[in-house]
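The primary structure of each chain is shown beneath.
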Amino acid sequence: MKSRQTRCRAFLSLLGVMGMLGLAILAIPLKAEEAKPATAVAAAPAPVPLTDKDLSGLAGPKSEDIAAKGDPGAELTGTISDVAVGDAKKGLTLADVVNQVGQNKVAINFVWTLITGFLVMFMQAGFALVETGLCRAKNANHTMMMNFMVYGFGLFAYWVCGFALQMGGSAPVANLGGAYPLNGEFTKTLFGKPWGLFGTRGFFLSGATYDVGVMVLFLFQMVFMDTAATIVTGGCAERWKYSAFAVSTIPLAAVVYPLFGNWAWGGGWLSQLGVNFGLGHGYCDFAGSGVVHAVGGITALAVAMQLGPRIGKYNRDGTPNVIPGHDLAFVLLGCFILAFGWFGFNPGSTLGASGNGALRIGSIAVNTMLAGCTGSFGALFYMWIRYGKPDASMAGNGLLAGLVAITAPSGFVNSMGAVIIGWVAGIVVCLAVEFFDRVPKIDDPVGAISVHGVNGLWGVLSVGLFADGRSNYGGSWNGVPGSVKGVFYGDPGQLVAQLIGIATLVGAIFSLSFIFNWIVDVVVGQRAGAKAELAGLDLPEMGALCYPDFVLKAGEYGAAGASTVSEPAFAKR
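To keep things clear, this report deals only with the structure shown in the data block. Given the structure is predicted, the values throughout are model-derived calculations rather than measurements.

## Description of the overall build of the protein chain
Looking only at helices and strands, the protein chain has 17 helices and four strands in total. With 573 residues in all, the protein chain has 49% of them scored as buried. For the protein chain, the share of sequence-separated contacts (at least 6 apart) that also reach a separation of at least 24 residues comes to 75%. Of the roughly 26100 Å² of accessible surface on the protein chain, a fraction of 68% belongs to carbon and sulfur atoms.

What follows is the structure, given as structure tokens:
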């Protein structure tokens, strides 16, 4: 037995020795190879420049071959034959190929920007459903018609002068081929620095601004303006005279919105706080929490203050009554439409999908989606905990609040930042609705001031907190090299720039909106009469009921068909 064990140990020892010898043998060439001196790498041959002659022999498939067989595999379509030739006599040149590459990049950006602009335009349907659903049935026609015609009134005013004041000095817009005719910015020198105040090119889209790049920019900026204008209709619904609404929309679209848009996006003074005073990258508002939503919400606040609350909103002791809307299905469907349209709102604000960091559109879309999701969480859980039931209308407003808040930082933050921003927005909108209802007693039927005004300001502030410095849009933003960073990532100057933007929104934009609408009140009169309001604005203001089949008996105010049945019972929360 022992001899067998001895033999086994000897055999294993022999295997071990052989293994060590094998490793040593293998290591010899490796070590020798490591010891070899590095040989010089042969210099690469000098590149041979391409010339037009190199292209002369190239040819795509023959058209007759494609006509006979078709191209089911997509192998023959989109070849050198499809490159536009500048001079038929010369044939295809190198310049033709390079120009085609440049045009393809701009074409991608044109198509992307136009499609996202179409999505933003479709948001108008979402706003119309949300606002109409949150109002009473007797005002449905009136509310829907405000949302319908704000597009027409606003677009016309913006075409006349709003676009020029906002974007008339914004060139160059690299992603859209330059838009070089927009090269006029009115500036004043203050503290030794130029302060851009408004643009001067593009009135009526005439002259040199009859330009393909300018047209794409106009469409995209116009639907953003329309979003701001339609916010006001919700905050002032159920007592706003239709003629006053029509007149009030004009100065908002022609002057108020374009001025702040210029200061932020058109090369104006807010965007230059970084270049002129070293405050981060200047005021940064990627897709418009401030420019669009806060402007709309603050204007709604100014008009709602002048209109006063709806009849029956407050008791004699000042306590508020809940006035329920007539269709929660409208409300939530409208919220889904708005969330869908927001994929145009935020990712589209790159103004392109090719070049200058525009591939970040995927990150922007995810941030948008996450913030809307957590916004609805925040509002739902807050209402559930506070009142014992999940509130559908506030869950919808929480979704919108999250989307509003992420609009400014969407291009600058990571997904964790987006989740936090949206969650906070969902809670803030609930607190803000209660505040306006109970403290200053400003009646806002749909919560527009809280959703868009308050959370628009939160979105602006959050850029100065959560921007992580990872975005790279062509290597700079607002003329300052590098990426935007908030205070949590090392740049307190960015937070200061954002706070200046918030102060401007609250001070200058509220003042302008209040003054313009005070003039409208003096000239036209802002508020519908009490008799019309009690009967419902559909018949007195619009001449037709939205829901004639709902009417069971004539109203007591002399308007044929005005229903007292549509007046909901007031309920205290």
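Once you've had a look at it, read on.
## Details of the nonpolar core
Counting 119 residues, the largest nonpolar core has Phe163, Phe224, Trp240, Tyr257, Phe260, Phe412 and Leu505 as its most contacted members. Sort the elements by how many residues they give to this core and helix α7 (residues 242-265) lands first, with 14 residues. Leaving out residues up to four positions away in the same chain, Leu505 has contacts with Phe260, Tyr283, Gly290, Ala294, Val295, Ile298, Leu457 and Phe510.

## Quick notes on the environment of Glu238
If you trace the backbone, Glu238 turns up in the loop between α6 (212-235) and α7. Using a relative accessible area of 0% as the deciding quantity, one classes Glu238 as buried. The sequence separation of Glu238 and Ala532 amounts to 294 residues, and the corresponding C-alpha distance is 10.0 Å. Setting aside residues up to four positions removed in sequence, Glu238 forms contacts with Cys135, Arg136, Asn139, Arg310, Glu533 and Leu537. There is a polar contact of 2.8 Å between the side chain of Glu238 and the backbone nitrogen of Arg136. A distance of 2.7 Å separates the side chain of Glu238 from the side chain of Asn139, its partner in a polar contact.

## Quick word on the pairing of strand β1 (residues 185-190)
Bridge count between β1 and strand β2 (residues 193-199): six bridges; the pairing is antiparallel. Along β2, the bridge assignment pairs Thr189 with Pro194. In textbook terms, the turn of a hairpin is the stretch between consecutive antiparallel strands, and for β1 and β2 this stretch comprises two residues, one of which, Phe191, has a positive phi near 55°.

## Here we look at the pattern of salt bridges
Taken as a whole and assessed by the stated rule, the structure comprises six salt bridges. The partner of Arg310 in a salt bridge is Glu238, and the shortest N-O contact between them spans 2.4 Å. Remark: Glu238 occurs in the loop between α6 and α7 and Arg310 occurs in the loop between α9 (289-307) and α10 (328-345); sequence separation between them is 72 residues. Both residues of the pair, Arg310 and Glu238, count as buried. Across the pair Glu533 and Arg527 runs a salt bridge whose closest N-O atoms are separated by 2.8 Å.

## Considering a nonpolar patch on the surface
On the surface, a cluster of nonpolar side chains totalling about 440 Å² of accessible area is made up of Phe122, Phe340, Phe343, Val366 and Met369. Mapped onto the elements, Met369 comes out in helix α11 (residues 361-387). Owing to a relative accessible area of 49%, Met369 belongs among the partly exposed residues under this scheme.

## Some details on the side chain of Glu434
Mapped onto the elements of the fold, Glu434 is located in helix α13 (residues 415-438). Side chain to side chain, Glu434 and Arg386 meet in a polar contact 3.0 Å long. Not counting residues within four places of it along the chain, the set of residues in contact with Glu434 comprises Tyr382, Arg386 and Tyr387.

Calculation rules
- Residues numbered from 1 in each chain as written.
- Predicted model: local features only at pLDDT ≥ 70, side-chain atom pairs only at ≥ 80, totals over all residues.
- Heavy atoms only, no water.
- Helix = DSSP H or I, 4+ residues; strand = E, 2+ residues; numbered from the N terminus.
- Buried < 20%, exposed > 50% of the residue type's maximum accessible area, 1.4 Å probe, protein only.
- Contact = heavy atoms within 4.5 Å.
- Areas by Shrake-Rupley, 256 points an atom, 1.4 Å probe, with all protein chains shown as cover.
- Core = buried A, V, L, I, M, F, W, Y, C linked by side-chain atoms within 4.5 Å.
- Polar contact = N/O pair within 3.5 Å; in protein donor to acceptor, adjacent residues only side chain to side chain.
- Pairing = 2+ DSSP bridges.
- Salt bridge = Lys/Arg side-chain N within 4 Å of Asp/Glu carboxyl O.
- Patch = residues over 30% accessible without salt bridge, like charges linked within 9 Å, V, L, I, M, F, W, Y side chains within 5 Å.

Remember that the coordinates give geometry; whether it matters functionally is a separate question.
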